[in-house]
Amino acid sequence: FAARQRRACGRLLRSAVVEDDMHSVAVRRWVEDVVVGKDFCPWAGPADAAGRVRVVTSSSASPEGVLEDLAAEAQQLASEATTAAEEMLPGVATTTLLACPHVEEWQDFDAFHT
């Protein structure tokens, strides 16, 4: 469990994301099997092979908490992605997928989608 604090737009953001839990593992498997495996995105395969796709799970149970986690992940990408893109460093994330399984009002996909 990784808890981070970041400053973005003048305010302190607290991020609580989990790596390698059952949710992020399922999303990673979907990326490998569907997005990369079916070649839906020509950039996904090389980025994934280079370890530049980060998959994490928000531990937040509220939309506001997920938004904070998303902002913290975006801030992390902004600080790391510039160097990674310029130097093409393997293992430095340039893409993050944030799974959000704990927000009760998002459990019903049809309600969330509309």
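Each chain carries its own residue numbering, running from 1 in the written order of its sequence. Only residues with pLDDT of at least 70 are given local features in this predicted model, and only at 80 or more are side-chain atom pairs given and counted; all residues enter the totals for whole chains, interfaces and linings. Note: side-chain values were computed over all heavy atoms of the structure, leaving out hydrogens and water.

Some points on the overall build of the chain
So, point 1. A tally of regular secondary structure across the chain gives four helices and four strands.
So, point 2. The N-to-C order of helical and strand elements in the chain reads β-β-α-α-β-α-β-α.
So, point 3. For the chain, restricting intrachain contacts to residue pairs at least 6 apart in sequence, the fraction spanning at least 24 positions comes to 65%.
So, point 4. All accessible areas in this document rest on Shrake-Rupley with a 1.4 Å probe, and a residue is counted as covered only by the protein chains that are shown. For the chain, the accessible surface area stands at approximately 7,200 Å², while carbon and sulfur atoms represent 57% of it. Labels follow the DSSP assignment, with helices taken as runs of H or I lasting at least four residues and strands as runs of E lasting at least two, numbered in each case from the N terminus. Only heavy atoms matter for contacts: two residues are in contact if any of them lie within 4.5 Å across the pair.

Looking at the pairing of strand β3 (residues 53–58)
Each regular strand displays side chains that alternate between the two surfaces of the sheet.
So, point 1. Buried residues are those whose accessible area, probed at 1.4 Å on protein chains only, stays under 20% of the maximum for their type, while exposed residues exceed 50% and partly exposed ones sit between those limits. Summarising burial for β3: six of the six residues are buried, a large majority.
So, point 2. Inspection of the sheet shows β3 paired to strand β4 (residues 95–99) by five bridges, in the parallel sense. Each bridged residue has a counterpart across the sheet, and for Arg54 the counterpart in β4 is Thr96. Any two strands are treated as partners once DSSP identifies two or more bridges connecting them.

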